[in-house]
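Chain residues, written in single-letter form:
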Amino acid sequence: MSFPNSQLGPFEGENDAWAKHVANSFVSGITSEMIAAPGCDAAHAAMAHLNGFICCALLDAATRGSGEQIMPDILDMVRKRVGALVDGGVGVMFSENVGPTLTVLPGGKA
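### Things to note about the pattern of salt bridges
So, point 1. Evaluation of the coordinates by the stated rule reveals 4 salt bridges.
So, point 2. One salt bridge in this structure joins Asp16 and Lys20, with 3.2 Å as the shortest N-O distance. With Asp16 and Lys20 both in helix α1 (residues 14-36) and 4 residues apart, this pair spans about one turn of that helix.
So, point 3. Judged by relative accessible area, which is 25%, Asp16 ranks as partly exposed.
So, point 4. Classification of Lys20 by relative accessible area gives partly exposed; the value is 42%.
So, point 5. The residue Asp60 makes a salt bridge to Arg64 at a minimum N-O spacing of 2.7 Å. In this pair, Asp60 and Arg64 are both assigned in helix α2 (residues 42-64), 4 residues apart and thus about one turn of the helix distant.
So, point 6. For Asp60, a relative accessible area of 18% puts it in the buried group.

### Here's the deal with the confidence of the model for the protein chain
So, point 1. Of the residues in the protein chain, 79% have a pLDDT of 70 or more, and the chain-wide mean is 84.
So, point 2. α2 holds the highest mean pLDDT among the elements of the protein chain, 94, whereas helix α3 (residues 72-86) holds the lowest, 87.

Conventions we followed
Residues numbered from 1 in each chain as written. Predicted model: local features only at pLDDT ≥ 70, side-chain atom pairs only at ≥ 80, totals over all residues. Heavy atoms only, no water. Salt bridge = Lys/Arg side-chain N within 4 Å of Asp/Glu carboxyl O. Helix = DSSP H or I, 4+ residues; strand = E, 2+ residues; numbered from the N terminus. Buried < 20%, exposed > 50% of the residue type's maximum accessible area, 1.4 Å probe, protein only. pLDDT = per-residue confidence, 0-100.

The structure is reproduced here in structure tokens:
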């Protein structure tokens, strides 16, 4: 995976792989740690993430657009992910090239 290419949009070509890497890193490094913390309420964490999304999306809008409205590509992705939840269905996303959750290490007890 290469570092983002400034000549492409944030979800075009190799930048899409980087976007998925950032999302996976966020979930494993931030979300998982947050909800595992003693006393963390998942509803509070969800709203904190939503507020963070809004801040990031508006910064993106100021960078790539006029700054007045969240960019259409971001809104389309959000609608796809949230739509099934709003409709009472279940949304499932499959990531490509997902590595193992656990790694077997040699040299354990015999």
